[in-house]
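A look at the structure
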Amino acid sequence: MCSFLEWKELKIVYKRYASLYFCCAIEQQDNELLCLEVIHRYVELLDKYFGSVCELDIIFNFEKAYFMLDEFILGGEVQETSKKNVLKAIAAQDLLQEDSNEPKSVLEDLGLANIASALSS
Amino acid sequence: VKDSMRGLAVFISDIRNCKSKEAEEKRINKELANIRSKFKGDKALDGYQKKKYVCKLLFIFLLGNDIDFGHMEAVNLLNSNKYTEKQIGYLFISVLISENNELMRLVQQNLKNDLASRNPVHVNLALECIANIGSKEMAEMFAPEIPKLLVMGDAGDTVKQSAALCLLKLFRTAPEMVPIGDWTSRVIHLLNDQHMGVVTAAVSLIEALVKRNPDDFKGCVSLSISRLARIVTSSYTDLQDYTYYFVPAPWLSVKLLRLLQNYPPPEDTTVRNRLAECLETILNKAVEPPKSKKVQHSNAKNAVLFEAISLIIHMDSDPSLLVRACSQLGQFLSNRETNLRYLALESMCLLATSEFSHDAVKRHQETVVTALKSERDVSVRQRAVDLLYAMCDRSNAEEIVGEMLTYLETADYSIRGELVLKIAILAEKYASDYTWYVDTILNLIRLAGDFVSEEVWYRVIQIVINREDVQAYAAKTVFEALEAPACHENMVKVGGYILGEFGNLIAGDARSSPSTQFQLLHGKFHLCSPPTRALLLSAYIKLVNLFPEIREDIIAVLESDANLRNSNVEIQQRASEYLSLARNSTQDVLATVLEEMPPFPERESSILAQLRKKKPAVEDAIRARGEKQQQRPASGAADGAAASAAPTAATPTSGGGGGVKLQGDIAGAESNTDSDLLGLDFGGSAPAAAAGGGGAGGGSVDLLSSILDVGVSSSSSSSAAPSAASGASAQRKTVVVGAGASGSIVGEENWHKFVCKNSGVLYENDILQVGVKCDYQQSSGRIVVYYGNKTPAPLAQFASVINLPDSSLTNQLGIQVKPVGDRVGASEQVNEVITVDCMAEFSACPLLNIRFVYSGVAQSITLKLPLTINKFMQSSEMDSATFFQHWKQLSQPEQECQKIFQAKFPMDAETTKTKILGFGFSLLSNIDSNPANFVGAGIVQTKSGNIGSLFRLEPNQQAQMYRLTVHSIKPGVSKRLCELLETQI
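Residues numbered from 1 in each chain as written. Chains lettered and ligands numbered in written order. Predicted model: local features only at pLDDT ≥ 70, side-chain atom pairs only at ≥ 80, totals over all residues. Heavy atoms only, no water.

Of regular secondary structure, chain A possesses five helices and five strands. For chain A, the N- to C-terminal ordering of α and β elements is β-β-β-α-α-α-β-β-α-α. Summarising the internal contacts of chain A: among those between residues at least 6 apart in sequence, 43% fall at separations of at least 24. If you sum the accessible surface of chain A, you get close to 5400 Å²; carbon and sulfur atoms cover 57% of it. (Helix = DSSP H or I, 4+ residues; strand = E, 2+ residues; numbered from the N terminus. Contact = heavy atoms within 4.5 Å. Areas by Shrake-Rupley, 256 points an atom, 1.4 Å probe, with all protein chains shown as cover.)

Following this line, the structure appears as structure tokens:
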């Protein structure tokens, strides 16, 4: 199947990673293949941050998913493509978090084991 | 992963454990009540608690529920010193607060504070929030500030990155708010920044700014090329983390290649060669063995390759690169990756429009046809259709159209409509044998009748009517098509129309005798919708004329209650009119009234307009590329013109009974027809435009005219507005806006005389004579009004005021008055000088109100100022080719105005010429095939731009009537010029 489809004046570029579904709406002249890689890079970032990301990570930490997106893409354009730099920025945010007296992951705390890695390549 | 909002996690967990929708709703409502009471409670909440609740609200919102409180608490969080609280506050606002929320002002104040913060993470939060919301108000407030952050030496790299994209977002919202400043060159030099992330963000901004001011940013071309060269020649280890799966900086490369597509190929040879080397390197890499088997590697590599090909196509100057690009795409056509096949088809579509690569693309025809037949993905098949359409020319048209027709039978419903249009256009454009064209269109109707729009069948009729050589064939073919047990209503329409006109051409054959033709048509009648039935009735009355022997059969149908008393008014009226026509008219009258349709004027196919409506992007892309494919929005949709012309045409010849109406009706049934069909014969049967413009001969259509450029520019009138307004206020006393006119307007007859001349008496009574003398230069004019006192007593308290009855005139005209004194002595004459600047086209007429006291009685006279749009028109000379080119370019329905009217003065050619020249148009000879017709051109000059206008006047001596057609760039202008000239001849 083709990962692109036309929708109104836009193109939808979509990709599925196990239980995670991503789609982007881009303009006619935008680069479709690279958009697929935008999705991939975002998945990599999530994966690196959460460690084998699954949908539960995103549900329970939806705000983090937003913050990471803001570091990576802003105003619809790719802002920083270096994985290292984005993760560095997020790590810096985490350091600013004041009362980190719960060292364990919330998920573990709730007894939810991480679901198998969704990241395929 | 560190997180601390335990309450939030518990809540999310609860929601997930809900067994039903109702349980979930209940849990959410409980939580909302809880949060509400916390927010309202007496106990002050600390920042952490506020953050937690705001975050819960956000989650509830993301689940799809409305949130109607908590906004204030979120805004409060912005004041917090704690980063995470601020951050959640901004997130809530970005996701959830609409830009016209009353809290926005508070938000903006916080944004302002944070932008000024010394802490870069706070600045970044503010920039991200602005970029995510990007409202107009924010643009006003922040766009002037952000460039500083972008070019300031000490701002951190991340701030620069966010600032660039934030500014880009604001620029997209409100470009006028983003200042053009001395920071331009510093922004360009960000292309040289050491930090790749900064360059990546900055290129996007530059690409947008370039579109506004290509010249100011010209310097970015060579810088981008150097940067690109450094990237493509680097090894993948050089760029470290900016290398993506062995591809060096794919995002930055693509953005740079995009940026370069805003400029023509560089003029400087060194720079040009350098770019060519880059592009060659990229093309070379495509054929190297892959450095990785991962799809990310090939995607990133090919993303750069496709963008490079786009740039090659954009420059359209290097044949060897174009051909290489084409062969590379050809390989992708059979790649096993569906995505690549899709993109290859898409890019080839553009290559097909370049003259250098058109033939190279054609070599892949077979592969593309195979794709059409065998691709499993509809998006890919769609691209194949587009490509076949783009690569079609005279040499392969029959084959391609044939393939498309075959595909039509199995095509997805979603693309059938578009496919039908494409087939119809190709068949018409490349028909050398019109029987092939007729077959193709009838096949279309047979295979996909429901998807054949009105335009398609109108068009086949226009072409058959205009081409004598195909008429008999068309009649025979539709007759056979109608013999099928089931046929589409569109086929009945075409059949009815064509047999009504040309049934006689096949009547000799016993198999299609007159009565068989009639029976065949009438056999479909009861299955058809009312509009088709009405059309069939017109066809029947035409058959009465062609075949007197079946008159009685037709009368029987017309007088049946089903028609004569049909609840549909149109059917009823046609039945009764045609009935009396059939019963009472002599054969001569019938023959005149029901004469064969005259040829249609040549015009571009309205089908193209349809297609462009459906596929603006693709069509525009194709159009923007090569002149070969250039199309303008079709003029065909002259529904309004035809409809409004019909009654006009019917009235003057009412002596002819229903006759004229009948022809009008047939034309009316076909809303696309020109009013040439309306029964008034204007001498030259095939209008000159046909002979001159068509070029490719009678029936074929010139689809290729280019986009309008009459050598005049027209910019927005907005720039004129301020000066006009200030002019108006400075002259408050003498120029009044609004309907404050006192007394009724007098002297209308005299006013009309001024349309074609510039001096004379505008008004006269026993007391006062008002004379006018004017002269006009380009967009300015000077009107001198002479007030003559005819009495032996003075006129006291004399004053004149210019009144603008229509407030839009304030923006259209700049009027300055040098007022007269307040007294006109006995038998004295005074004059008043009015200077006028035409800011933009106008239709209304300023009024001149004169007040004075004569023998103790106050008098007030309101005159129309002899100031009309044509006064600002300069005649323009051009040759026949130019004239027709412009004429066709300006034939969108709103650009064209046509009037048919009774002559108001004796129809003397010399007088008419003088009037036309006085009106401001030129008279061009040797353009119209009919020497009795007048054609000419003029340019209306306004401060906001020139408005090219063309006219054609066709006198009909016999009927003492004229038909006047004016084409102009601006819709209102054609109408106004038409109205004005109509009163003069």
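Okay, back to it.
So, about unusual backbone geometry. You will see that alanine 18 of chain A, though not glycine, has its phi angle at about 45 degrees, which is positive. Take alanine 18 of chain A: it is sitting in the loop between strand E2 (10-17) and strand E3 (20-27). Phi is positive for glutamine 960 of chain B, close to 55 degrees, though the residue is something other than glycine. The residue glutamine 960 of chain B is located in the loop between strand E16 (945-956) and strand E17 (961-968) in this model.

Chain-level statistics for chain A give a pLDDT mean of 83 and a share of 79% at 70 or above. Here residues 99-121 of chain A scores under 50 on pLDDT; set against residues more than four positions off or in separate chains, the count is 41 contacts. (pLDDT = per-residue confidence, 0-100.)

The next point concerns the confidence of the model for chain B. All names here are of chain B. Summarising the model, chain B shows a mean pLDDT of 82, and 85% of its residues fall at 70 or more. Helix H38 (residues 688-694) is the least confidently modelled element of chain B, averaging 32 in pLDDT, while helix H14 (residues 250-260) averages 97, the highest of any element. The low-confidence segment residues 624-733 (pLDDT under 50) makes 228 contacts with residues lying over four places distant or belonging to another chain. Within the model, pLDDT remains below 50 along residues 738-742, and this stretch shows eleven contacts once partners closer than five positions in the same chain are excluded. Scoring of the predicted complex yields 0.63 for pTM and 0.84 for ipTM.

Right, let's talk about the packing of helix H3 (residues 62-72) of chain A against helix H5 (residues 83-96) of chain B for a bit. Two elements in contact, H3 of chain A and H5 of chain B, have axes separated by 11 Å at closest approach and are oriented at 80 degrees. Taken together, the axis directions place H3 of chain A and H5 of chain B in an arrangement best described as roughly perpendicular. Note on element contacts: H5 of chain B touches H3 of chain A through Gln87, Ile88, Leu91 and Val95 of chain B, opposite Glu63, Tyr66 and Phe67 of chain A. For the contact of H3 of chain A with H5 of chain B, the per-class residue count stands at five nonpolar, one polar and one charged. (Axes fitted to C-alpha atoms, helices over the stretch in contact; angles between N-to-C directions. Parallel < 35°, antiparallel > 145°, perpendicular 65-115°, else oblique. Nonpolar A, V, L, I, M, F, W, Y, C, P; charged D, E, K, R; others polar.)

In the structure shown here, the tally under the stated rule is 47 salt bridges over all chains. Residues aspartate 386 of chain B and lysine 422 of chain B are paired through a salt bridge, measuring 2.5 Å at the closest nitrogen-oxygen approach. One end of the pair, aspartate 386 of chain B, is in helix H21 (residues 378-391); the other, lysine 422 of chain B, is in helix H23 (residues 413-429), and 36 residues separate them in sequence. The class for aspartate 386 of chain B is buried, based on a relative accessible area of 2%. Between lysine 476 of chain B and glutamate 480 of chain B there is a salt bridge whose closest N-O contact spans 3.6 Å. With lysine 476 of chain B and glutamate 480 of chain B both in helix H26 (residues 468-482) and four residues apart, this pair spans about one turn of that helix. Here the residues in one salt-bridge network are Glu6 of chain A together with Arg383, Asp386, Glu418 and Lys422 of chain B, joined through shared partners. (Salt bridge = Lys/Arg side-chain N within 4 Å of Asp/Glu carboxyl O. Buried < 20%, exposed > 50% of the residue type's maximum accessible area, 1.4 Å probe, protein only.)

Right, let's get into a nonpolar patch on the surface. Together, Met1, Leu5, Trp7 and Tyr14 of chain A make up a nonpolar patch on the protein surface, roughly 430 Å² of accessible area in all. Of note, leucine 5 of chain A is situated in strand E1 (residues 4-7). (Patch = residues over 30% accessible without salt bridge, like charges linked within 9 Å, V, L, I, M, F, W, Y side chains within 5 Å.)

The next point concerns the sheet that holds E3 of chain A. Taken in spatial order, the three strands line up as E1-E2-E3 (chain A) in an open sheet, and their pairing is antiparallel. In this open sheet, the two strands that pair with only one neighbour each are E1 and E3 of chain A. Between one strand and the next, the sheet's axes are offset by a mean angle of 30 degrees, whatever the strand orientation. With eight bridges connecting them, E2 of chain A and E3 of chain A associate as antiparallel partners. Bridging across to E3 of chain A, valine 13 of chain A finds its partner in cysteine 24 of chain A. Running over the sheet, helix H18 (residues 338-351) of chain B touches E1 and E2 of chain A and is turned about 50 degrees from E1 of chain A. (Pairing = 2+ DSSP bridges.)

Before going further, it helps to examine the interface of chain B and chain A. Facing 69 residues of chain B, the contacting portion of chain A comprises 59 residues. Applying the counting criterion to the chain B and chain A interface returns four salt bridges. Here glutamate 346 of chain B ties to lysine 11 of chain A by a salt bridge, and the two come within 2.3 Å at their closest N and O atoms. On the surface where chain B and chain A come into contact, there are 27 residue pairs in polar contact (both at pLDDT 80 or more). Here the residues of the side of chain B that touches chain A are counted per class, giving 34 nonpolar, 18 polar and 17 charged. (Polar contact = N/O pair within 3.5 Å; in protein donor to acceptor, adjacent residues only side chain to side chain.)

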